[in-house]
Amino acid sequence: MSVIEEERVRGAVFKDINAEDEDQQPTVIESLCMNCYENGSTRLLLTKIPFFKEIIISSFSCPHCNWTNTEIQSAGRIQEQGVLYTLQVKTKEDMNREVVKSDSASTRIPQLDFEIPAFTQKGSLSTIEGLLDRAVVGLEQDQPIRKATDPAVAEKIEEFIQRFKKLKEVEEEFTLIIDDPSGNSFIENPFAPQKDTALTVTHYKRTPEHNAALGIEAEEEENDEKPGNDLDAMRNEVLVFNTNCPECNAPANTNMKLVQIPHFKEVIIMATNCDSCGHRTNEVKSGGATEELGTRITLHLTDPSDMSRDLLKSETCSVLIPELEFELGMAALGGKFTTLEGLLKDIKDLIIAGEMDVHIILDDPAGNSYLQNVYAPDPDPEMKIEKYTRTFEQNEDLGLNDMKTEGYAEK
């Protein structure tokens with residue numbers, strides 16, 4: 001397909017966002033509610049923001065528990081450069097500017113010394129007023145609990161909320177900064193294609209830390225001349241094997257991919273989907289050998305955003321929650337690459353509600369498990385990683401005591 005044909009197809013699928021276009025209707029898909037596990041519906045709208053790019057808007061609602069969730073995703077790839085938007089909000093008309101904020105973007109208002117860090121919110125399509133409203137709702141959410149447990153903190157947050165509400169009236173100018181290393185965020189220029197004197201858009205080259213946070217690797221120069229290109233090609237390829245479904249034994253396909261986890265190591269992810277019975281499995285294998293030392297990772301859960309941390313539990317890893325007297329043995333669940341919320345499942349509601357101050361411990365004598373450090377490359381103040389020498393019993397469980405690794409040299 002030529003570039004012109006490809007653009008024509010994209011133009012037919014992604015139409016400019018327009019409230020008066022009756023033909024631009026969302027696609028409705030029946031979906032499982034992750035709050036009550038009843039069936040709800042997801043509405044998908046493929047649209048294009050004028051003077052920006054194509055995006056996918058998804059909105060989920062559940063008629064059983066009334067849980068809703070709305071987010072946006074870029075329909076394109078991560079851009080070549082990051083983008084920094086700096087807007088001087090001067091009038092109430094500025095509050096109506098459209099804003100696309102991807103999940104990798106951070107938001108700052110220097111006058112309030114306020115920041116929403118990257119990867120703490122889902123992507124959203126809103127206005128500046130809507131962005132402020134969302135921040136206020138987040139601050140007000142736990143105020144009743146704070147007023148009962150810590151009135152002094154609740155009072156300070158209430159003062160902060162009132163300052164936020166005054167910003168909506170634009171009684172004085174303030175600055176809104178959106179910094180997105182993926183390049184997929186946007187603040188509307190209502191004067192486009194003319195220059196907007198209140199808006200500054202700066203593109204910049206990502207740092208290695210930015211690339212690590214986005215889960216991408218910087219391209220190496222002269223890649224074709226360096227050894228190991230076959231391995232590099234394997235990293236970018238999904239291998240497919242013909243297997244049988246472990247549930248109904250019908251023919252199925254298993255997909256395998258080599259994935260580099262930032263600040264950790266390479267792992268092999270294997271996923272099997274059965275078209276006959278719908279059974280799905282996924283398993284993670286370490287891409288390397290058993291480490292010389294075991295690893296014990298202890299995370300203190302202090303915020304609901306901790307639940308979205310990436311987590312690799314190898315098949316040799318046990319999970320402990322001391323405050324709940326809960327332990328998951330190393331043989332349970334097998335290897336998994338998921339989030340902390342995905343691993344906890346049934347006990348996640350208790351922890352998210354903040355009813356207990358808990359720790360999560362991943363104890364892997366093989367040293368092949370991982371829990372995301374959201375402060376990387378800086379140390380995580382709430383997480384402790386310990387390396388330890390395995391006991392004889394642990395080596396026995398791993399089958400290392402019977403391994404003979406010496407004396408193979410020819411005599």
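Rules and cut-offs
- Residues numbered from 1 in each chain as written.
- Predicted model: local features only at pLDDT ≥ 70, side-chain atom pairs only at ≥ 80, totals over all residues.
- Heavy atoms only, no water.
- Helix = DSSP H or I, 4+ residues; strand = E, 2+ residues; numbered from the N terminus.
- Buried < 20%, exposed > 50% of the residue type's maximum accessible area, 1.4 Å probe, protein only.
- Contact = heavy atoms within 4.5 Å.
- Areas by Shrake-Rupley, 256 points an atom, 1.4 Å probe, with all protein chains shown as cover.
- Phe/Tyr/Trp six-rings, centres within 6.5 Å; stacked < 30°, edge-to-face > 60°.
- Lys NZ or Arg CZ within 6 Å of the ring centre and 35° of its normal.
- Axes fitted to C-alpha atoms, helices over the stretch in contact; angles between N-to-C directions.
- Parallel < 35°, antiparallel > 145°, perpendicular 65-115°, else oblique.
- Left-handed = near helix turned anticlockwise from the far one by under 90°.
- Expected span 1.5 Å × (residues − 1).
- Arc of directions from axis to C-beta.
- Core = buried A, V, L, I, M, F, W, Y, C linked by side-chain atoms within 4.5 Å.
- Pairing = 2+ DSSP bridges.
- Patch = residues over 30% accessible without salt bridge, like charges linked within 9 Å, V, L, I, M, F, W, Y side chains within 5 Å.
- Salt bridge = Lys/Arg side-chain N within 4 Å of Asp/Glu carboxyl O.
- pLDDT = per-residue confidence, 0-100.

This part takes up the overall build of the chain. Looking only at helices and strands, one finds nine helices and 25 strands in the chain. The buried share of the chain, reckoned over its 411 residues, is 35%. The contacts in the chain between residues at least 6 apart in sequence include a share of 62% that link residues at least 24 apart. Approximately 25,100 Å² of the chain is accessible, and the part contributed by carbon and sulfur atoms is 49%.

Moving on: the packing of aromatic side chains. Tallied over the full model, the rule gives four aromatic pairs. Ring geometry for Phe-114 and Phe-164: centres 4.8 Å apart, planes at 90°, overall edge-to-face. Here Phe-164 lies in helix α4 (residues 151-168) and Phe-114 lies in strand β9 (residues 114-116), a separation of 50 residues in the sequence. For the pair formed by Phe-114 and Phe-164, the shared burial category is buried. Ring geometry for Phe-160 against Phe-164: centres 5.7 Å apart, planes inclined by 70°, an arrangement best described as edge-to-face. Of the two residues, Phe-160 and Phe-164 both sit in helix α4, four residues apart, roughly one turn of that helix. For the pair Phe-160 and Phe-164, a shared accessibility class is recorded, and that class is buried. Of the aromatic side chains, those joined through ring pairs into one cluster are Phe-114, Phe-160 and Phe-164. Lying across the ring of Tyr-388, Arg-296 places its NZ or CZ 4.7 Å from the centre.

Once that is clear, we can look at the packing of helix α2 (residues 128-140) against α4. Each pair of packed helices can be described by the angle between their axes along with the distance between the axes. Two elements in contact, α2 and α4, have axes separated by 10 Å at closest approach and are oriented at 165°. Viewed along their axes, α2 and α4 adopt a mutual orientation that is roughly antiparallel. Once α2 is placed against α4, the crossing between them reads as left-handed. Only Ile-157, Phe-160, Ile-161, Phe-164, Lys-165, Leu-167 and Lys-168 of α4 make contact with α2, whose side of the interface consists of Glu-129, Leu-132, Asp-133, Ala-135, Val-136, Leu-139 and Glu-140.

With 18 residues, α4 extends 26 Å between its outermost C-alpha atoms, agreeing within 8% with the 26 Å of an ideal straight helix rising 1.5 Å per residue. For α4, the set of buried residues is Ala-154, Ile-157, Phe-160, Ile-161, Phe-164 and Leu-167. Buried residues of α4 fall within an arc of 120° about the axis and therefore sit on the same side. For α4, exposure combined with an orientation more than 90 degrees from the buried face picks out Glu-155, Lys-156 and Lys-166.

Right, let's get into the nonpolar core. Ranked by internal contacts, the top residues of the largest apolar core, which has 31 residues, are Val-89, Ile-109, Phe-164 and Ile-187. If you tally residues by element for this core, the top one is α2, at six residues. Apart from the residues lying within four places of it in its own chain, the contact partners of Phe-164 are Ile-109, Leu-112, Phe-114, Leu-132, Ala-135, Val-136 and Leu-139. Of all hydrophobic cores here, the second largest spans 16 residues; its members include Leu-299, Val-319, Ile-360 and Leu-371.

A few words on the sheet that holds strand β24 (residues 370-371). Spatial ordering of the open sheet is given by β22-β19-β24, a layout of three strands whose pairing is antiparallel. Edge strands, defined here as strands with exactly one partner in the open sheet, are β22 (336-339) and β24. Pairing analysis gives four bridges linking strand β19 (residues 310-313) to β22, with the strands arranged antiparallel. Residue Leu-311 lies in a different strand from β22, and its bridge partner there is Thr-338.

Glancing now at a nonpolar patch on the surface. There is a patch of nonpolar side chains on the surface, built from Leu-32, Met-34 and Tyr-37 and spanning about 320 Å² of accessible area. Looking at the element boundaries, Met-34 is found in the loop between β2 (27-32) and β3 (39-48).

The predicted coordinates ought not to be read in detail in places where the model reports low pLDDT. Residues with a pLDDT of 70 or more make up 74% of the chain, whose mean pLDDT is 77. Note on residues 219-227: pLDDT under 50 across the span, and five contacts to partners over four residues away in sequence or across chains.

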